[in-house]
Amino acid sequence: MENGGSRQATMAELQEVQITEEKPLLPGQTPEMAKTHSVETPYGSVTFTVYGTPKPKRPAILTYHDVGLNYKSCFQPLFQFGDMQEIIQNFVRVHVDAPGMEEGAPVFPLGYQYPSLDQLADMIPCILQYLNFSTIIGVGVGAGAYILSRYALTHPDTVEGLVLINIDPNAKGWMDWAAHKLTGLTSSIPEMILGHLFSQEELSGNSELIQKYRNIITHAPNLENIELYWNSYNNRRDLNLERGGAVTLKCPVMLVVGDQAPHEDAVVECNSKLDPTQTSFLKMADSGGQPQLTQPGKLTEAFKYFLQGMGYMASSCMTRLSRSRTASLTSAASIDGNRSRSRTLSQSSESGTLPSGPPGHTMEVSC
């Protein structure tokens, strides 16, 4: 097989498969058709699946999954959630599988040079060029969140917003590398990846969810490919984000992490490096390492609120967070006349809908 770094972009080399989404249908709902494509890029082939049709004057929702997962195992519980249907009816969505992570992917030959995370980000323009999509709202988890952030830094005009779950914008330091090497001496690749995806408390509890994903990763037929993606993630460069500096995300951003999750500190640090007037930080209690799997309802509601702040879905009904939980909203960027001030707004469980407005706040949801 030809080395991925030596391939030239060839849009003619396209494969398309039409499938039907596997999920229980809601009353009155028809099966959602999907088309899976594979397109060549300068760094090898990339597979992506498109649901829905483009909506006028609306961006596509583009997702990118974490290590050890593919788009289905990472995002299906979220996008199949009942309240999410209101969102997906209003946006076309593109689910990207990292090379070699798609279902049925062949194992790469020995010595194959897997793309770096920067190169994976550089594949996204080929996807958008083929689909003729001009702008996206990115939704990424872990390595996927890093990839979408890197893409947004190099193509800011094409990214309207980002939802970044478990992002670590930093390269591994020497202490991280030492710990990683020591862990590798006593733990298998699947166990190391599970420790990246879930908290130690979750792994010790060995719930049905943990058993499911341990089985998926341990018995993955493309485990060698997964290890290559894992290595690329661990060799990532620092994004060098700087609040008020030249390198920053210019679009609205919603950062998401579970309370006590493996990447909580990294996400908190990322929040400190971004423009507070453009950034929302959602720390989700009782959600573990993968909020999109364990708390799809709360994440869906937060996503709707985020889209509202961007000017989309203004008439959407916000009920789940506002009626059943207490949301604490801390704003660092509200404007009073010509002056900027800080304010804290507590929203009680019976107060109705969450307030709409621009990003620029921290929202902690507890249940």
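Residues numbered from 1 in each chain as written. Predicted model: local features only at pLDDT ≥ 70, side-chain atom pairs only at ≥ 80, totals over all residues. Heavy atoms only, no water.

- Per an unreviewed UniProt entry, the chain carries the name Protein NDRG2 and comes from Suricata suricatta.

**With respect to the nonpolar core**
So, point 1. Counting residues in each nonpolar core, the largest one holds 91 residues, and the members touching the most others are Val 94, Leu 162, Tyr 229, Leu 255 and Phe 303.
So, point 2. With eight residues, the top contributor of residues to this core is helix 3 (residues 117–131).
So, point 3. With residues near it in sequence (within four places) discarded, Leu 162 still touches Gly 138, Leu 148, Ser 149, Ala 152, Leu 249, Cys 251, Pro 252, Val 253, Met 254 and Phe 306. (Core = buried A, V, L, I, M, F, W, Y, C linked by side-chain atoms within 4.5 Å. Buried < 20%, exposed > 50% of the residue type's maximum accessible area, 1.4 Å probe, protein only. Helix = DSSP H or I, 4+ residues; strand = E, 2+ residues; numbered from the N terminus. Contact = heavy atoms within 4.5 Å.)

**Quick look at the packing of helix 3 against helix 4 (residues 143–154)**
So, point 1. Where helix 3 contacts helix 4, the axes come no closer than 8 Å and their chain directions differ by 65 degrees. Relative to helix 4, helix 3 is oriented roughly perpendicular. In this structure, helix 3 crosses over helix 4, and the sense of that crossing is right-handed. Contacts between helix 3 and helix 4 involve Leu 117, Asp 118, Leu 120, Ala 121, Ile 124, Pro 125 and Leu 128 from the former and Tyr 146, Ile 147, Leu 148, Arg 150 and Tyr 151 from the latter.
So, point 2. Classifying every residue of the contact of helix 3 with helix 4 by side-chain character gives ten nonpolar, no polar and two charged. (Axes fitted to C-alpha atoms, helices over the stretch in contact; angles between N-to-C directions. Parallel < 35°, antiparallel > 145°, perpendicular 65-115°, else oblique. Left-handed = near helix turned anticlockwise from the far one by under 90°. Nonpolar A, V, L, I, M, F, W, Y, C, P; charged D, E, K, R; others polar.)

**Thoughts on unusual backbone geometry**
So, point 1. The backbone phi angle of Lys 57 is positive, close to 60 degrees, even though this residue is not glycine.
So, point 2. Note that Lys 57 resides in the loop between strand 3 (44–51) and strand 4 (60–64).
So, point 3. The class for Lys 57 is exposed, based on a relative accessible area of 83%.

**What about the environment of Tyr 151?**
So, point 1. Structurally, Tyr 151 is set in helix 4.
So, point 2. Take Tyr 151: its relative accessible area is 2%, and that puts it in the buried class.
So, point 3. Taking the C-alpha atoms as reference points, Tyr 151 and Gln 119, 32 residues apart in sequence, are found 9.5 Å from one another.
So, point 4. If sequence neighbours within four positions are ignored, Tyr 151 has contacts with Ala 121, Ile 124, Pro 125, Leu 128, Ile 136, Thr 158 and Val 159.

**Looking at the environment of Leu 148**
So, point 1. Within the fold, Leu 148 resides in helix 4.
So, point 2. Looking at Leu 148, the relative accessible area reads 1%, which means it is buried.
So, point 3. Between the C-alpha atoms of Leu 148 and Ile 137, which are eleven residues apart in sequence, the distance is 9.6 Å.

**Quick notes on helix 1 (residues 71–79)**
So, point 1. Burial analysis of helix 1 places seven of its nine residues in the buried class, the great majority of the element.
So, point 2. Taking the backbone nitrogen of Lys 72 as reference, a side-chain oxygen 3.0 Å away marks Asn 70 as the first, capping residue of helix 1. (Polar contact = N/O pair within 3.5 Å; in protein donor to acceptor, adjacent residues only side chain to side chain.)

**Observations regarding the pairing of strand 4**
So, point 1. Counting buried positions along strand 4 yields five of five residues, so the element is predominantly enclosed.
So, point 2. Of the two faces of strand 4, the one lined by Ala 60, Leu 62 and Tyr 64 and the one lined by Ile 61 and Thr 63 are each fully buried.
So, point 3. Pairing analysis gives five bridges linking strand 4 to strand 6 (residues 136–141), with the strands arranged parallel. Looking at the pairing, Leu 62 lines up with Gly 138 of strand 6.
So, point 4. Here strand 4 pairs with strand 5 (residues 93–97) via four bridges, running parallel. Among the inter-strand pairings, Ile 61 is bridged to a residue of strand 5, identified as Arg 93. (Pairing = 2+ DSSP bridges.)

**Some details on the packing of aromatic side chains**
The geometry of two aromatic rings is summed up by the distance between their centres and the angle between their planes.
So, point 1. By the definition in use, this model includes nine aromatic pairs.
So, point 2. On the numbers, 5.6 Å between centres and 80 degrees between planes, the contact of Phe 91 with Tyr 312 is edge-to-face. Of this pair, Phe 91 sits in the loop between helix 2 (85–88) and strand 5 while Tyr 312 sits in the loop between helix 12 (296–309) and helix 13 (320–324); the two residues are 221 residues apart in sequence, bridging distant segments of the chain.
So, point 3. Overall, Phe 91 belongs to the buried group, its relative accessible area being 1%.
So, point 4. With a relative accessible area of 11%, Tyr 312 lands in the buried category.
So, point 5. In this structure an aromatic cluster arises from ring pairing among Phe 108, Tyr 112, Tyr 114 and Tyr 229.
So, point 6. Positioned above the aromatic ring of Phe 91, the side-chain terminus of Arg 58 is 5.2 Å from the ring centre. (Phe/Tyr/Trp six-rings, centres within 6.5 Å; stacked < 30°, edge-to-face > 60°. Lys NZ or Arg CZ within 6 Å of the ring centre and 35° of its normal.)

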